[in-house]
Amino acid sequence: MSQAAVAQLFKALGDPVRLQMVQRLSNGAALCLGELSKDLGISRQGARKQIQTLVSARVVQLHPRGREVKVQLDAAALAQGRAFIASLEAQWEQRLQALKQFTEQ
Amino acid sequence: MQNVIQRELLINATAERIYNAIAKPEQLVKWFPDSVTGDYRQGSHAQFKFGENHKSNVFVEAASPNHYFAYRWVPGGNNFTDDVLTVPHTLVEFRITELAPGRCKVSLTETGFANLPPEIAANSFSENSGGWDFMLGRLQQYFMAEAK
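Note that the coordinates shown come from a computational prediction; the quantities given were computed from them, not determined experimentally.

**Examining the overall build of chain B**
Next, step 1: Each helix and strand in chain B was counted, giving four helices and seven strands.
Next, step 2: In sequence order, the secondary structure elements of chain B are arranged as β-α-α-β-β-β-β-β-β-α-α.
Next, step 3: Looking at the 148 residues of chain B, the share that counts as buried comes to 28%.
Next, step 4: Within chain B, counting contacts between residues at least 6 apart in sequence, those at least 24 apart form 47% of the total.

What follows is the structure, given as structure tokens:
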């Protein structure tokens, strides 16, 4: 994954509709467009656009299955984004514990 | 929408004590950077040093005694020593709420990750790959916090 792709990944996930779609895929299932966009308050056209954004960021992959297309998560891409946020979060956890120790002395 | 980190913890100390630990350089160095140089006051620039080689410039956004302190910086373990206001950066905010005398809730938020240049995020990446549930739970927390 290139560095530019990493930035794109973060932007792709920073949207409630797209994040909802990613959650529906989170058990590893391959879903069709209709299943993915159901009850999200967006048109089929809108859903296609959101999914294209996720494809460009390599969050999901498209798999043609006969006449329809299935959407599935791209696990490797998301793992990197998670690692960045998790490392920053761990840093804050340490710092805040240090603040607590210092101020409770 | 921005990406968000949010942490909260309870501290058995007065709001004034906690605020001073965050806002006064001589106390800040007891728990956070190893040294603070420059002008660590609202509307001014300062520099945090960590260890021998790592430096991070900060701009103090707000300083409201005993309640709120905020600064801007470039996170992710890089060595950024120019004016942070001229590049994409994150905002770090400390909020102190007194729950009872000598007992406070401290809330930390860091926002703005979506705007960061890719090399900053990439620098901090590891080969770590965790479970989906863990990851999505975290992501939702960070990304949705602003939307609420």
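**Looking at the overall build of chain A**
Next, step 1: A tally of helices and strands in chain A yields five helices and three strands.
Next, step 2: Overall, chain A shows an N-to-C arrangement of helices and strands of α-α-β-α-α-β-β-α.
Next, step 3: When contacts within chain A are restricted to residue pairs at least 6 apart in sequence, those whose partners lie at least 24 apart make up 55%.

**Some remarks on the sheet that holds strand S7 (residues 103–111) of chain B**
Strands in a sheet are paired, the pairing made by backbone hydrogen bonds, and the direction either parallel or antiparallel.
Residue and element names in this part refer to chain B.
Next, step 1: Across the sheet, seven strands lie side by side as S1-S7-S6-S5-S4-S3-S2; this open sheet has antiparallel pairing. Two strands lie at the open edges of the sheet, namely strand S1 (4–11) and strand S2 (35–38), each paired on one side alone. Averaged over all adjacent pairs, the angle separating strand axes in this sheet is 25°, with direction ignored.
Next, step 2: In terms of strand pairing, S2 meets strand S3 (residues 45–50) through four bridges, oriented antiparallel. In the sheet register, Thr37 faces S3, and the bridge partner there is Gln47.

**Describing unusual backbone geometry**
Residue and element names in this part refer to chain A.
Next, step 1: One non-glycine residue, Asp39, adopts positive backbone phi at about 60°.
Next, step 2: Positive phi is not limited to glycine here, since Arg58 has a value of about 60°.
Next, step 3: By the element assignment, Arg58 lies in the loop between helix H4 (44–56) and strand S2 (60–65).

**Overview of helix H2 (residues 16–24) of chain A**
Next, step 1: When H2(A) is considered as a whole, its buried residues turn out to be Arg18(A), Leu19(A), Met21(A) and Val22(A). Angularly, the buried residues of H2(A) cover 155° about the axis, an arc narrow enough to put them on a single face.

**A few points about the pairing of strand S4 (residues 54–64) of chain B**
Residue and element names in this part refer to chain B.
Next, step 1: In the sheet, S3 pairs with S4 via six bridges, with the strands oriented antiparallel. Bridge pairing links Phe50 to His54 in S4.
Next, step 2: The loop that links S3 with its antiparallel partner S4 comprises three residues; one of these, Gly51, has a positive phi angle of about 65°.
Next, step 3: Both S4 and strand S5 (residues 68–73) contribute to a ladder of five bridges, which runs antiparallel. Note on S5: the bridge partner recorded for Ser64 is Tyr68.

**Some details on the sheet that holds strand S1 (residues 31–32) of chain A**
Residue and element names in this part refer to chain A.
Next, step 1: Pairing within the open sheet is antiparallel, and its three strands lie in the order S1-S3-S2. Unpaired on one side and paired on the other, S1 and S2 mark the two borders of the sheet.
Next, step 2: Two elements, S2 and strand S3 (residues 68–73), share six bridges in a ladder whose sense is antiparallel. The residue of S3 that forms the bridge with Gln61 is Gln72.

**A word on the nonpolar core**
Next, step 1: Core analysis: the largest hydrophobic core is formed by 17 residues, its most contacted members being Leu13(A), Val22(A), Leu54(A), Val59(A) and Val60(A).
Next, step 2: Listing elements by their share of this core, those giving two or more residues are helix H1 (3–13), H2, H4 and S3 of chain A.
Next, step 3: Among the nonpolar cores identified, the runner-up in size contains 16 residues, and Ala21(B), Leu28(B), Phe94(B) and Ile96(B) belong to it.

**Section: the confidence of the model for chain B**
All names here are of chain B.
Next, step 1: When pLDDT is averaged along chain B, the result is 78, and 72% of the positions lie at 70 or above.
Next, step 2: At the level of individual helices and strands, chain B shows its lowest average pLDDT in helix H4 (residues 132–144), which scores 41, and its highest in S5, which scores 96.
Next, step 3: ipTM for the predicted complex: 0.73, alongside a pTM of 0.61.

**Looking at H4(A)**
Next, step 1: The terminal C-alpha atoms of H4(A), which comprises 13 residues, lie 18 Å apart, in line with the 18 Å expected from a rise of 1.5 Å per residue.
Next, step 2: Of the residues flanking the end of H4(A), it is Arg58(A), one or two places downstream, whose phi is positive at about 60°.

**Thoughts on the environment of Val69(A)**
Next, step 1: By the element assignment, Val69(A) lies in strand S3.
Next, step 2: Leave out the neighbours within four places in its chain, and Val69(A) touches Cys32(A), Leu33(A), Leu62(A), His63(A) and Pro64(A).

What counts and how
Residues numbered from 1 in each chain as written. Chains lettered and ligands numbered in written order. Predicted model: local features only at pLDDT ≥ 70, side-chain atom pairs only at ≥ 80, totals over all residues. Helix = DSSP H or I, 4+ residues; strand = E, 2+ residues; numbered from the N terminus. Buried ≥ 20, exposed ≤ 12 C-beta atoms within 10 Å, placed from the backbone. Contact = placed C-beta atoms within 7 Å. Pairing = 2+ DSSP bridges. Axes fitted to C-alpha atoms, helices over the stretch in contact; angles between N-to-C directions. Arc of directions from axis to C-beta. Core = buried A, V, L, I, M, F, W, Y, C linked by C-beta atoms within 7 Å. pLDDT = per-residue confidence, 0-100. Expected span 1.5 Å × (residues − 1).

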